[in-house]
Amino acid sequence: MRRVNDGRPDPWNIAPLPVGHPDSAALLRAYYDDIVGRYHGRRATREEVDTALAEEPSDDLAPPTGHFLVGRWEGRPAGCAGLRLLEGRTAELTRLFVLPGARGTGGGARLLAAAERAAAEVLGARVIRLDTRADLVEARALYARGGYTEIPDYNGGKYADHWFEKRLSPSP
């Protein structure tokens, strides 16, 4: 078990989980509920979340060209992050999310670091990219702290306002 700086066990455990697993599916639904609601400035409806899930399927976040991570906080599913290979040795980070009740616990940074390791070690990526919206200020701050730099639009994302990239260290 990992330990935090003061020697206590780390309450976060992050591991791969199939994107179709019930825990993964529940986190993806919560992710879309959150971002769709933020986009509209009100609570998202079930139909809006269903539409978002259908318009942006996550089934490509699976081997051999994808990867999905679930973070458990104090043993409960509380966050996720997905990866997909783009061209060459470039991976895209997507669906990085922490449930509201687990925010402020360091889960976002832990999921980001785990996704970067998986991009390099599992997918062989040397560069990781992502897009995000202007209203997701916490995400943009997390990426800036993580060493991501803003780049031009690389994917024409329908809901994207900002695009970021980071060079990854080669895996040993």
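Residues numbered from 1 in each chain as written. Predicted model: local features only at pLDDT ≥ 70, side-chain atom pairs only at ≥ 80, totals over all residues. Heavy atoms only, no water.

Novice: In this structure, what is going on with the overall build of the protein chain? I would like to understand it.
Specialist: For the protein chain, the count of helices and strands is four helices and seven strands. Its helices and strands taken in sequence order, the protein chain reads β-α-α-β-β-β-α-β-α-β-β from the N to the C terminus. At 15 Å, the protein chain has a C-alpha radius of gyration in line with the 16 Å of a compact globule built from 172 residues. Its C-alpha atoms put the protein chain at 45 × 35 × 30 Å along the principal axes. Burial analysis of the protein chain (172 residues in total) assigns 44% to the buried set. Within the protein chain, residue pairs in contact and separated by at least 24 positions form 59% of the contacts whose partners lie at least 6 positions apart. Carbon and sulfur atoms provide 54% of the accessible area of the protein chain, an area that totals close to 9,100 Å². Each charge class in the protein chain was averaged separately, 24 positive and 24 negative side chains, and the resulting centres sit 5 Å apart. (Helix = DSSP H or I, 4+ residues; strand = E, 2+ residues; numbered from the N terminus. Rg over C-alpha atoms; globule rule 2.2 N^0.38 Å. Buried < 20%, exposed > 50% of the residue type's maximum accessible area, 1.4 Å probe, protein only. Contact = heavy atoms within 4.5 Å. Areas by Shrake-Rupley, 256 points an atom, 1.4 Å probe, with all protein chains shown as cover. Lys, Arg positive; Asp, Glu negative; His and termini not counted. Charge placed at Lys NZ, Arg CZ, Asp CG, Glu CD.)

Novice: What is the right way to read the UniProt feature "domain: N-acetyltransferase" (unreviewed entry) in the protein chain from this model?
Specialist: As recorded in UniProt, the feature "domain: N-acetyltransferase" (unreviewed entry) lies at residues 26–169. The span residues 26–169 carries 34% helix and 29% strand; its end-to-end C-alpha distance comes to 32 Å. (UniProt positions renumbered as here; feature names shortened; annotations may be inferred.)

Novice: Honestly, the sheet that holds strand 2 (residues 66–73) in this entry has me stumped. Any pointers?
Specialist: Hydrogen bonds between backbone atoms are what pair the strands of a sheet, whose relative direction is either parallel or antiparallel. Strand order in this open sheet of seven strands is 1-2-3-4-5-7-6, and the pairing throughout is mixed. The sheet is open, and its two edges are formed by strand 1 (12–16) and strand 6 (149–151), each paired on a single side. Averaged over neighbouring strand pairs, the angle between their axes works out to 30 degrees when direction is ignored. Relative to strand 5 (residues 127–132), strand 4 (residues 90–98) runs parallel, the two being bridged by three bridges. Considered in strand 5, the bridge of E92 is made with R129. (Pairing = 2+ DSSP bridges. Axes fitted to C-alpha atoms, helices over the stretch in contact; angles between N-to-C directions.)

Novice: How should the packing of aromatic side chains be read in this particular structure?
Specialist: Two numbers describe a pair of aromatic rings. These are the distance of the centres and the angle of the planes. Using the criterion set out here, one finds five aromatic pairs in the structure. Seen in terms of ring centroids, Y31 and Y32 are 4.8 Å apart; in terms of plane orientation they differ by 80 degrees. Their pairing is edge-to-face. Of the residues examined, Y32 reaches a relative accessible area of 1% and is grouped as buried. With 6.1 Å between their ring centres and 50 degrees between their planes, Y143 and F164 make a pair best called tilted. Separated by 21 residues along the polypeptide, Y143 in helix 4 (residues 137–145) and F164 in strand 7 (residues 162–167) bring together distant segments of the chain. You'll find Y143 and F164 in the same group, each marked buried. Clustering of aromatic rings is evident, with ring pairs tying together Y31, Y32 and F97. Geometry around Y154 places R129 over its ring, the cationic atom sitting 5.3 Å from the centre. (Phe/Tyr/Trp six-rings, centres within 6.5 Å; stacked < 30°, edge-to-face > 60°. Lys NZ or Arg CZ within 6 Å of the ring centre and 35° of its normal.)

Novice: Even after reading the chapter, I still don't get the side chain of D10, so can you show me in this structure?
Specialist: Mapped onto the elements of the fold, D10 is located in the segment before strand 1. Owing to a relative accessible area of 7%, D10 belongs among the buried residues under this scheme. Only 2.9 Å separates the side chain of D10 from the backbone nitrogen of W12, close enough to count as a polar contact. A polar atom in the side chain of D10 sits 2.9 Å from the side chain of R110. (Polar contact = N/O pair within 3.5 Å; in protein donor to acceptor, adjacent residues only side chain to side chain.)

Novice: Mind showing me how you'd approach the environment of W163 here?
Specialist: Inspection of the secondary structure assignment puts W163 in strand 7. On the accessibility criterion, W163 (11% relative accessible area) is buried. Separated by ten residues in sequence, W163 and D153 have C-alpha atoms that sit 5.8 Å apart. Setting aside residues no more than four positions away along its own chain, W163 makes contact with L130, D131, T149, E150, I151, P152, D153, Y154 and N155. A polar side-chain atom of W163 sits 3.4 Å from a polar atom in the side chain of D153. Within the structure, W163 has its side chain in polar contact with the side chain of N155 (distance 2.9 Å).

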